[in-house]
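What follows is each chain in one-letter form.
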Amino acid sequence: MTTPEAEQSQAPRPEERLEQAVRAAEQALIEFEIAVETFRVEVENFSRLHDQRLGPLYSRIEELDARIAEARAARTGDPEDIRRAEEARAHVLPIPGVEELLHGWMDGHGLFPEAAAMLTDQPVRPPQRVRPSEEARRLYRELARKVHPDLAQEEAERQRREEFITRVNDAYARGDEKLLRELAEEWAAGPVPPERRPSRAEELYARLEWLDQRKELLTLVARELEDGPVAGMLRLAPDDPDGLLDEIAGRLLGDIEQREAELAGLLEQD
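Residues numbered from 1 in each chain as written. Predicted model: local features only at pLDDT ≥ 70, side-chain atom pairs only at ≥ 80, totals over all residues. Heavy atoms only, no water.

A closer look at the overall build of the protein chain
Here is step 1 of the chain: Helix and strand content of the protein chain: 11 helices and 2 strands.
Here is step 2 of the chain: Helices and strands appear in the protein chain in the N-to-C order α-α-α-α-β-β-α-α-α-α-α-α-α.
Here is step 3 of the chain: Long-range contacts, defined as pairs at least 24 residues apart, comprise 74% of the intrachain contacts of the protein chain with a sequence gap of at least 6.
Here is step 4 of the chain: Counting only carbon and sulfur atoms, one obtains 54% of the accessible surface of the protein chain, whose full area is about 17500 Å². (Helix = DSSP H or I, 4+ residues; strand = E, 2+ residues; numbered from the N terminus. Contact = heavy atoms within 4.5 Å. Areas by Shrake-Rupley, 256 points an atom, 1.4 Å probe, with all protein chains shown as cover.)

Here we look at helix α6 (residues 134-147)
Here is step 1 of the chain: Counted at 1.5 Å a residue, the expected span for α6 with its 14 residues is 20 Å, and the 20 Å between its end C-alpha atoms agrees.
Here is step 2 of the chain: Among all positions in α6, only Ala136, Arg137, Leu139, Tyr140, Leu143, Ala144 and Val147 are buried. Down the axis of α6, the buried side of the element spans an arc of 165°, and every buried residue falls inside it. In α6, the exposed positions angled more than 90 degrees off the buried face are occupied by Glu134 and Lys146. (Expected span 1.5 Å × (residues − 1). Buried < 20%, exposed > 50% of the residue type's maximum accessible area, 1.4 Å probe, protein only. Arc of directions from axis to C-beta.)

Brief notes about the pattern of salt bridges
Here is step 1 of the chain: According to the stated counting rule, one finds 30 salt bridges in the structure shown.
Here is step 2 of the chain: Of the charged contacts in the structure, one is a salt bridge between Asp65 and Arg259, with a shortest N-O distance of 2.6 Å. Taken together, the positions of Asp65 in helix α2 (residues 14-76) and Arg259 in helix α11 (residues 241-268) put the pair 194 residues apart, joining distant regions of the chain.
Here is step 3 of the chain: Since its relative accessible area comes to 31%, Asp65 is described here as partly exposed.
Here is step 4 of the chain: Judged by relative accessible area, Arg259 falls into the partly exposed class, the value being 22%.
Here is step 5 of the chain: The partner of Arg138 in a salt bridge is Glu135, and the shortest N-O contact between them spans 2.6 Å. Separated by 3 residues within a single helix, Arg138 and Glu135 lie in helix α6, roughly one turn from each other. (Salt bridge = Lys/Arg side-chain N within 4 Å of Asp/Glu carboxyl O.)

Some details on the confidence of the model for the protein chain
Here is step 1 of the chain: In this model, the protein chain carries an average pLDDT of 79, and 77% of its residues clear a pLDDT of 70 or more.
Here is step 2 of the chain: Of all secondary-structure elements in the protein chain, the lowest mean pLDDT belongs to helix α4 (residues 98-102), at 43, while helix α8 (residues 177-189) reaches the highest, 90.
Here is step 3 of the chain: Ignoring residues within four places in sequence, the model shows residues 95-111, a span with pLDDT below 50, making 15 contacts including any to other chains. (pLDDT = per-residue confidence, 0-100.)

Things to note about the nonpolar core
Here is step 1 of the chain: Ranked by size, the top nonpolar core spans 26 residues in total, and within it Val43, Phe46, Leu54, Leu57, Leu244, Ile248 and Leu252 carry the most contacts.
Here is step 2 of the chain: For this core, the secondary-structure elements that each account for two or more residues are α2, α9 (201-227), α10 (229-236) and α11.
Here is step 3 of the chain: Looking at this core, the element that brings in the most residues is α2, giving 11 residues.
Here is step 4 of the chain: In this structure, Ile165, Val168, Leu180 and Leu183 belong to the second largest nonpolar core, which totals 17 residues. (Core = buried A, V, L, I, M, F, W, Y, C linked by side-chain atoms within 4.5 Å.)

Some remarks on the packing of helix α7 (residues 155-173) against α8
Here is step 1 of the chain: Where α7 meets α8, the closest approach of the two axes is 9 Å, and the angle between their N-to-C directions is 160°. In terms of orientation, α7 lies roughly antiparallel with respect to α8. In terms of crossing hand, the pair formed by α7 and α8 is left-handed. In this structure, α7 uses Glu157, Arg160, Arg161, Phe164, Arg167, Val168, Ala171 and Tyr172 to contact α8, whose residues at the interface are Leu179, Leu180, Leu183, Glu186 and Trp187.
Here is step 2 of the chain: Along the lines of polarity and charge, the residues of the contact of α7 with α8 split into 8 nonpolar, no polar and 5 charged. (Axes fitted to C-alpha atoms, helices over the stretch in contact; angles between N-to-C directions. Parallel < 35°, antiparallel > 145°, perpendicular 65-115°, else oblique. Left-handed = near helix turned anticlockwise from the far one by under 90°. Nonpolar A, V, L, I, M, F, W, Y, C, P; charged D, E, K, R; others polar.)

Concerning the packing of aromatic side chains
Here is step 1 of the chain: The final tally for this structure, using the stated rule, is 2 aromatic pairs.
Here is step 2 of the chain: Each ring, one from Tyr140 and one from Tyr172, has its centre 4.3 Å from the other, and the planes form 20°; the classification is stacked. Of the two residues, Tyr140 sits in helix α6 while Tyr172 sits in helix α7, which places them 32 residues apart along the sequence.
Here is step 3 of the chain: Pairing Phe164 with Trp187 gives two aromatic rings, centres 5.1 Å apart and planes at 50°, and the pair type is tilted. Within this pair, whereas Phe164 is found in helix α7, its partner Trp187 is found in helix α8, the two being separated by 23 residues in sequence.
Here is step 4 of the chain: In this structure Trp187 comes out as buried when scored by relative accessible area, which is 12%. (Phe/Tyr/Trp six-rings, centres within 6.5 Å; stacked < 30°, edge-to-face > 60°.)

Notes on the packing of α6 against α7
Here is step 1 of the chain: Where α6 contacts α7, the two axes come as close as 10 Å, and the packing angle between them is 170°. Taken together, the axes of α6 and α7 lie roughly antiparallel to each other. Listed contacts from α7 to Ala136, Arg137, Tyr140, Leu143, Ala144, Lys146 and Val147 of α6 are Arg161, Phe164, Ile165, Val168, Asn169 and Tyr172.

Digging into the environment of Ala73
Here is step 1 of the chain: You can see Ala73 is positioned in helix α2.
Here is step 2 of the chain: For the pair Ala73 and Glu86, spaced 13 residues apart in the sequence, the C-alpha separation amounts to 9.5 Å.
Here is step 3 of the chain: Residues in contact with Ala73, not counting those within four places in the same chain, are Asp78, Asp81, Ile82 and Ala85.

What follows is the structure in structure tokens.
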């Protein structure tokens, strides 16, 4: 039977309990960051695919709306019809900003292959997958848990991890399973980070405060992604986003056919 004095000596010290709390908070934050980054990649890939596949259809509808309004105004001569025609044409004519013009066609490395193919009359390859494969997602999660900068205590080790996780994120965004495996092998063969050394209570409290602030920031990022229109579309078909785009494209093609028929009817009356 243990005495109260013995039980008290076996109880964890306050700093040990605080350190356990810090480690738990670090792991929770890493898992949260992985979830947010995974969702961000899905949203960005779906947004790009949406623009590539549906953008031309929306542009065609806008052009037909402008031509229909112009044909109706030419036939009636009504000032209100003329005003509507001018508004419809003005909506089509403005040159978009540079970012809008290049969205889906170019990044910091130059033209996307799809754009280069169209400019050179080469066959256009199918758009990128909407999301990385399950294997790529598994490899990314495992790597992110191992190499996350928040696990480092020394500044040099943190910098090494930040540089490495950037490479991991880039490979994941492209869904490159081969590169993710190579990065996992590279990390496993790299220097072993030093073991965590005991921290003073003040440092641990500061660490907890920083982790809490980081979590609040990630929460805002996640909420912004969730509230965006692309995320709303993904929620409609989380298991088959390609099928959702096909469905929307089918409806848009039907709208185009109706407008083309309406325009032909107006032009025949002239």
